[in-house]
Amino acid sequence: MSDPYETTEELLERLLRRALNSFDLPDPTVERLGTALAHSTALHSSHHSSGLHRETFKHAFLLIDGSSLMLWELVHNVGRDGATQHELYLEQGEARLAASRLPHPRGAESRTTAGAGQGGGADGRDADFDTDLDADLDADLEILAALMATHPPAAPRIYAPDNSADHARRVLRRAENGDRPGEDTARVLRGALAHQITQAFGRQCNVEGRDAGFTLYEHAFLLLDGSEVSIWEVEHTATPDGRHMCEVYETEHAAREAMELRARVR
């Protein structure tokens, strides 16, 4: 039914090209599908008898804005000379209704399954939707989102020439952590021409039964030789008496590790 090497773009083109009712899909929906980054396809239900073959597939698409969109595909042989036909629907209920309207030979032996092996009734009707399949698809989409997520390009820095060397000195001086940047970093920052302050993180959380706030700032400096240097300042209240505390680190990774540690142990 599906090609593991088929791209999302190729799958969409194939679905829309072969569906008898693709023209019924709203134009805005087709435009959104055009931004799909990844997809996951799973069999929802199937029915096979001596005269009728019917399957319903759920196609889940991850869009560029991080949202998801589902297409329900009904595949059956109720066409001229038993040719396979395809129909697309936006809602599960619409696909189920279309499937129920397909003619079914009376007295014919039939077998109906749903999802990952869930049994159906002997009357040929689709069994209840397999909720485990929904969960699997949601998990697939979460994984795809994590794999396909791209961070927006960083905006160009806007440096302010506002006594930046003294600003660096004051940031380093107020740091209370023992592993703060040393004299080498201080010496480099004495040549700062301009700087920019950006908040990279901010959150309230519970630390040992008490509210505590964490804020992470990046202090970026433009140096005399045109190079750039950043130091990372953590401000928090995860202290025994709830007072405000400042810590400074040379890397973002070290600063975030310190916040995680403070959030767990005082």
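Residues numbered from 1 in each chain as written. Predicted model: local features only at pLDDT ≥ 70, side-chain atom pairs only at ≥ 80, totals over all residues. Heavy atoms only, no water.

Peer 1: Talk me through the overall build of the protein chain; I want residue IDs and the actual numbers.
Peer 2: Looking only at helices and strands, one finds seven helices and ten strands in the protein chain. When the 266 residues of the protein chain are sorted by exposure, 39% land in the buried category. Restricting the contact set of the protein chain to residue pairs at least 6 apart, pairs at least 24 apart contribute 54%. (Helix = DSSP H or I, 4+ residues; strand = E, 2+ residues; numbered from the N terminus. Buried < 20%, exposed > 50% of the residue type's maximum accessible area, 1.4 Å probe, protein only. Contact = heavy atoms within 4.5 Å.)

Peer 1: Quick one: what's the story with unusual backbone geometry, residue by residue and with numbers?
Peer 2: Even without being a glycine, Asn 163 presents a positive backbone phi close to 50°. Checked against the element boundaries, Asn 163 lands in the loop between helix H4 (131-148) and helix H5 (164-174). Since its relative accessible area comes to 53%, Asn 163 is described here as exposed.

Peer 1: I'd like a description of the pattern of salt bridges, backed by residues and values.
Peer 2: As enumerated under the stated definition, the model contains ten salt bridges in all. A salt bridge links Asp 166 to Arg 170; its shortest N-O distance comes to 3.1 Å. Of the two residues, Asp 166 and Arg 170 are both situated in helix H5; the distance of four residues between them amounts to about one turn of the helix. Among the salt bridges present, the one from Arg 190 reaches Glu 183, with a minimum N-O distance of 2.6 Å. Look at Glu 183 and you get partly exposed, because its relative accessible area is 45%. One network of salt bridges, with partners in common, ties together Asp 166, Arg 169 and Arg 170. (Salt bridge = Lys/Arg side-chain N within 4 Å of Asp/Glu carboxyl O.)

Peer 1: Go over H5 with me, naming the residues and quoting the values.
Peer 2: Every buried residue of H5 is listed here: Ser 164, His 167, Ala 168, Val 171 and Leu 172. End-on, the buried residues of H5 take up no more than an arc of 130°, which puts them together on one face. (Arc of directions from axis to C-beta.)

Peer 1: Got a sec to walk through the environment of Glu 228? Specific residues and values, please.
Peer 2: In this fold, Glu 228 is placed in strand E9 (residues 228-236). Glu 228 sits 33 residues away from His 195 along the chain, and the two C-alpha atoms are 9.2 Å apart. The contacts of Glu 228, once residues within four sequence positions are left out, are Arg 157, Tyr 159, Phe 221 and Leu 222.

Peer 1: A description of the environment of Gly 34 should follow, citing residues and the corresponding values.
Peer 2: Tracing the backbone through its elements, the reader meets Gly 34 in the loop between helix H2 (27-33) and strand E1 (36-49). Residue Gly 34 is classed as exposed on the basis of its relative accessible area, which comes to 65%. C-alpha separation for the pair Gly 34 and Leu 12, spaced 22 residues apart in sequence, amounts to 8.1 Å.

Peer 1: Hey, could you go over the environment of Thr 41 for me, with residue numbers and the actual values?
Peer 2: Tracing the sequence through the fold places Thr 41 in strand E1. Thr 41 gets classed as partly exposed once you look at its relative accessible area, which sits at 29%. Sequence spacing of Thr 41 and Ala 60 is 19 residues, and the spatial spacing of their C-alpha atoms is 6.3 Å. When near neighbours in sequence (up to four residues on either side) are disregarded, Thr 41 contacts Leu 11, Phe 57, Lys 58 and His 59.

Peer 1: Describe the pairing of strand E2 (residues 53-63), with residues and values.
Peer 2: Within E2, nine of the eleven residues are buried, which leaves the element mostly enclosed by the surrounding structure. Bridge count for E1 against E2 is eleven bridges, and the pairing is antiparallel. Looking at the pairing, Ala 36 lines up with Leu 63 of E2. As paired elements, E2 and strand E3 (residues 68-76) share nine bridges and run antiparallel to each other. Bridged to Glu 55 within E3 is Val 75. With antiparallel pairing between neighbouring strands as the criterion, E2 and E3 make up a hairpin whose turn holds four residues, including Gly 66 at a positive phi of roughly 90°. (Pairing = 2+ DSSP bridges.)

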